[in-house]
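In case you want the letters, here they are:
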Amino acid sequence: ASSVAGSTEVTYADIDAAPAVVIVGLEPEEESPILFLRLRKQYSKRKLPIFALSPFVSRGLEKLGAKVARIIPGEEARVLAEHDVVGEALRQPGAVLLVGERLATVPGGLSAAAALADRTGAKLAWVPRRAGDRGAVDAGCLPNLLPGGRLASDAAARAELAGAWDLEAGVIPSQPGRDTDGIIAATAAGRIGALVVAGVDPADLSDPRLAEEALDKVPFLVSLEVRNSAVSRRADVVFPVAPVVEKAGSFLDWEGRLRTFEAVLDTT
């Protein structure tokens with residue numbers, strides 16, 4: 001996470017100029033269509049060499065003319081460490097390694113990608129499928145990161161943040177917090193007394209049944225929602241929030257580029 005948060009090293013211009021691109025845990029046509037179109041343009045224009053690690057040749061990878069190393073799901077970390085063709089492709093100056101968020105489900109997958117980029121000198125880009133994911137990482141929403149993408153274990157980073165927030169030294173903890181699964185498990189076990197849930201559907205979590213059990217057990221539940229949901233039906237307090245089309249705001253795209261937008265609808 002600290003390899004992508006706060007970093008804007010890879011851009012669409014780098015894709016346009018890359019001598020080779022390697023794709024892991026990402027289906028560009030489905031998850032980042034603009035990126036897919038840029039890759040396809042360069043493949044059509046100059047036969048950009050594109051390599052992918054995937055269990056099968058998808059229609060999208062076929063359109064990109066990708067050379068696919070067919071692997072068993074879960075083998076990505078090992079193949080990234082050992083695959084000679086991938087390593088040789090990334091050693092070319094300007095080569096780009098594109099990884100999707102699915103690689104996070106493979107133990108050691110993202111670490112292997114970061115290590116490969118360091119070893120070969122390739123540029124590394126993480127491409128999430130949802131708008132706002134990159135901004136959430138930069139804001140420090142992962143359990144081991146501070147705002148700005150610096151590690152919670154970094155004493156200097158904690159001291160700088162404490163100064164910026166006008167806090168006493170030592171207030172910001174050095175230990176990682178809980179991730180979503182950890183929060184759900186702790187709540188279901190009775191170790192959390194209150195939850196604030198903002199636009200999360202239990203069905204989207206890794207264990208929907210346990211998530212619903214946690215929502216039923218938590219002593220105090222606050223829901224931020226745009227509609228009646230499985231969370232708001234259980235909530236002690238519901239705060240209605242405006243959907244994206246009813247407010248101005250911004251997202252960070254996978255490049256780290258700020259993309260602002262205006263309100264589209266003026267309703268209540």
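Please refer to the structure higher up on the page.
Predicted model, so just to flag it, every value in this text is computed and none were measured. (Residues numbered from 1 in each chain as written. Predicted model: local features only at pLDDT ≥ 70, side-chain atom pairs only at ≥ 80, totals over all residues. Heavy atoms only, no water.)

Enquirer: Could you clarify how one ought to interpret the pattern of salt bridges in this entry?
Expert: Opposite charge on two side chains permits them to pair, given that their charged atoms come into close proximity. Inspection of every chain in the model, using the stated rule, returns 19 salt bridges. A salt bridge links Arg-59 to Glu-62; the nearest nitrogen and oxygen atoms lie 2.9 Å apart. Taken together, the residues span about one helical turn, with Arg-59 and Glu-62 both in helix H4 (residues 59–63) at a distance of three residues. A salt bridge links Glu-213 to Lys-217; the nearest nitrogen and oxygen atoms lie 3.1 Å apart. Of this pair, Glu-213 and Lys-217 are both found in helix H11 (residues 208–217), four residues apart, which corresponds to roughly one turn of the helix. Shared partners join several salt bridges into a network, and the residues in it are Glu-31, Glu-101, Arg-102, Arg-129, Arg-130 and Asp-133. (Salt bridge = Lys/Arg side-chain N within 4 Å of Asp/Glu carboxyl O. Helix = DSSP H or I, 4+ residues; strand = E, 2+ residues; numbered from the N terminus.)

Enquirer: Is there a simple way to explain the packing of aromatic side chains in this structure?
Expert: A ring pair, where both rings are aromatic, is described by two values, the distance of the centres and the angle of the planes. Under the criterion given, the structure shown has two aromatic pairs. For the ring pair Tyr-12 and Trp-254, a centre distance of 5.1 Å and an interplane angle of 85° mean the geometry is edge-to-face. Taken together, the residues Tyr-12 in helix H1 (residues 12–17) and Trp-254 in the loop between strand E9 (249–252) and strand E10 (258–261) connect sequence positions 242 residues apart. Judged by its relative accessible area of 10%, Tyr-12 falls in the buried class. (Phe/Tyr/Trp six-rings, centres within 6.5 Å; stacked < 30°, edge-to-face > 60°. Buried < 20%, exposed > 50% of the residue type's maximum accessible area, 1.4 Å probe, protein only.)

Enquirer: I keep staring at the packing of helix H10 (residues 180–188) against H11 and nothing clicks. Help me out?
Expert: Two elements in contact, H10 and H11, have axes whose closest approach is 8 Å; the angle formed by their N-to-C orientations is 50°. The orientation of H10 with respect to H11, classified from their angle, is oblique. Note on packing geometry: the crossing formed by H10 with H11 is left-handed. Across from Ile-184, Ala-185, Thr-187 and Ala-188 in H10, the residues of H11 making contact are Leu-210, Ala-211, Glu-213, Ala-214 and Lys-217. (Axes fitted to C-alpha atoms, helices over the stretch in contact; angles between N-to-C directions. Parallel < 35°, antiparallel > 145°, perpendicular 65-115°, else oblique. Left-handed = near helix turned anticlockwise from the far one by under 90°. Contact = heavy atoms within 4.5 Å.)

Enquirer: Before we go on, may I ask you to explain the sheet that holds strand E7 (residues 220–225) in this structure?
Expert: The strands making up a sheet are joined through hydrogen bonds of the backbone, oriented either antiparallel or parallel. Pairing in this open sheet of three strands is parallel, and the strands run E6-E7-E8 from one edge to the other. The open sheet has two free edges, formed respectively by strand E6 (194–198) and strand E8 (237–240), since each of these has just one partner strand. Each adjacent strand pair in this sheet contributes to an overall mean axis angle of 15°, direction not counted. In this structure, E6 lies alongside E7, joined through five bridges in parallel fashion. The residue bridging Ala-194 from the neighbouring strand is Phe-220, located in E7. (Pairing = 2+ DSSP bridges.)

Enquirer: Got a minute to help me understand helix H3 (residues 33–46) in this structure?
Expert: Given 3.6 residues to a turn, an α-helix orients residues that are three or four positions apart in the same direction. With 14 residues, H3 ought to run about 20 Å at 1.5 Å a step, and its terminal C-alpha atoms sit 20 Å apart, in line with that. Along H3, the positions that sit buried rather than exposed are Leu-35, Phe-36, Leu-39 and Gln-42. Buried residues of H3, seen end-on, are gathered within an arc of 130° and therefore sit on one face of the element. Away from the buried face of H3 by more than 90 degrees, exposed residues Ile-34, Leu-37, Ser-44 and Lys-45 are located. (Expected span 1.5 Å × (residues − 1). Arc of directions from axis to C-beta.)

Enquirer: Quick question: what am I supposed to make of unusual backbone geometry here?
Expert: Across the chain, the bulk of peptide bonds are trans and the bulk of non-glycine residues have phi less than zero. One non-glycine residue, Lys-47, lies in the positive phi region at around 55°. Along the chain, Lys-47 turns up in the loop between H3 and strand E2 (50–54). By relative accessible area, which is 54% here, Lys-47 ends up exposed. A positive phi angle, near 60°, is found at Asp-166, a position not held by glycine. Counting through the fold element by element, Asp-166 comes out in the loop between helix H9 (155–164) and H10. Here Asp-166 falls in the exposed class, since its relative accessible area comes to 72%.

Enquirer: Honestly, the sheet that holds strand E4 (residues 96–100) in this entry has me stumped. Any pointers?
Expert: The strand order E3-E2-E1-E4-E5 describes an open sheet built from five strands, whose pairing is parallel. Each of the sheet's edge strands pairs with one partner strand only, and the pair in question is strand E3 (67–70) and strand E5 (123–127). Averaged over all pairs of adjacent strands, the angle between strand axes in this sheet comes to 20°, irrespective of strand direction. Relative to E5, E4 runs parallel, the two sharing five bridges. Note on E5: the bridge partner recorded for Gly-100 is Val-127.

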